[in-house]
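# Coordinate analysis (summary)
Chain by chain, the residues:
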Amino acid sequence: MAKQERYIQVGVTALRDPATGDFLPAIPLFVRAEDVNEEEEKKLATDIGKLLAAKMRKYKESCEKAGVRI
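Note that the structure is predicted; figures quoted are calculated from it, not measured.

### Points about the pattern of salt bridges
Applying the stated criterion to the full structure yields 3 salt bridges. We note a salt bridge from Glu5 to Arg32, for which the minimum N-O separation is 3.8 Å. Placement of the pair is Glu5 in the segment before strand S1 (7-13) and Arg32 in strand S2 (residues 27-32), with a sequence separation of 27 residues. Its relative accessible area of 41% is what places Glu5 among the partly exposed residues. Given a relative accessible area of 29%, Arg32 falls into the partly exposed group. For Asp35, the salt bridge identified is with Arg32, shortest N-O distance 3.1 Å.

Laid out in structure tokens, this is it:
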């Protein structure tokens, strides 16, 4: 019996209807489990966390300079 491949859902995507602009039904996105590298996944999570934190810091600083209360 052949070994069954495993897949991991990594997200979803949805196209837009060209006539109305509404979203069409979402379609799940998968990767093969054997293609996932746990070290790279941890690195990506750290990198994106730093990126989002920097964006939030910049946003807060801009709001303070503009006198906008957040």
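### Describing the confidence of the model for the protein chain
Averaged over the protein chain, the pLDDT score is 89; the fraction of residues at 70 or greater is 99%. Mean pLDDT across the secondary structure elements of the protein chain bottoms out at helix H1 (residues 38-66), with 88, and peaks at S2, with 92.

### Some words on H1
Helix length check: H1 (29 residues) gives 42 Å between terminal C-alpha atoms against 42 Å at 1.5 Å per residue, within 8%. One or two positions beyond H1, positive phi appears at Gly67, with a value near 75°.

### A closer look at the environment of Pro18
Inspection of the secondary structure puts Pro18 in the loop between S1 and S2. Exposure remark for Pro18: the relative accessible area of 82% places this residue in the exposed category. With 49 residues separating them along the chain, Pro18 and Gly67 place their C-alpha atoms 41 Å apart.

### Observations regarding the packing of aromatic side chains
Following the criterion strictly, the structure yields 0 aromatic pairs and no others. Positioned above the aromatic ring of Phe23 is the side chain of Arg16, whose terminal nitrogen or guanidinium carbon lies 3.9 Å from the ring centre.

Criteria and thresholds
- Residues numbered from 1 in each chain as written.
- Predicted model: local features only at pLDDT ≥ 70, side-chain atom pairs only at ≥ 80, totals over all residues.
- Heavy atoms only, no water.
- Salt bridge = Lys/Arg side-chain N within 4 Å of Asp/Glu carboxyl O.
- Helix = DSSP H or I, 4+ residues; strand = E, 2+ residues; numbered from the N terminus.
- Buried < 20%, exposed > 50% of the residue type's maximum accessible area, 1.4 Å probe, protein only.
- pLDDT = per-residue confidence, 0-100.
- Expected span 1.5 Å × (residues − 1).
- Phe/Tyr/Trp six-rings, centres within 6.5 Å; stacked < 30°, edge-to-face > 60°.
- Lys NZ or Arg CZ within 6 Å of the ring centre and 35° of its normal.

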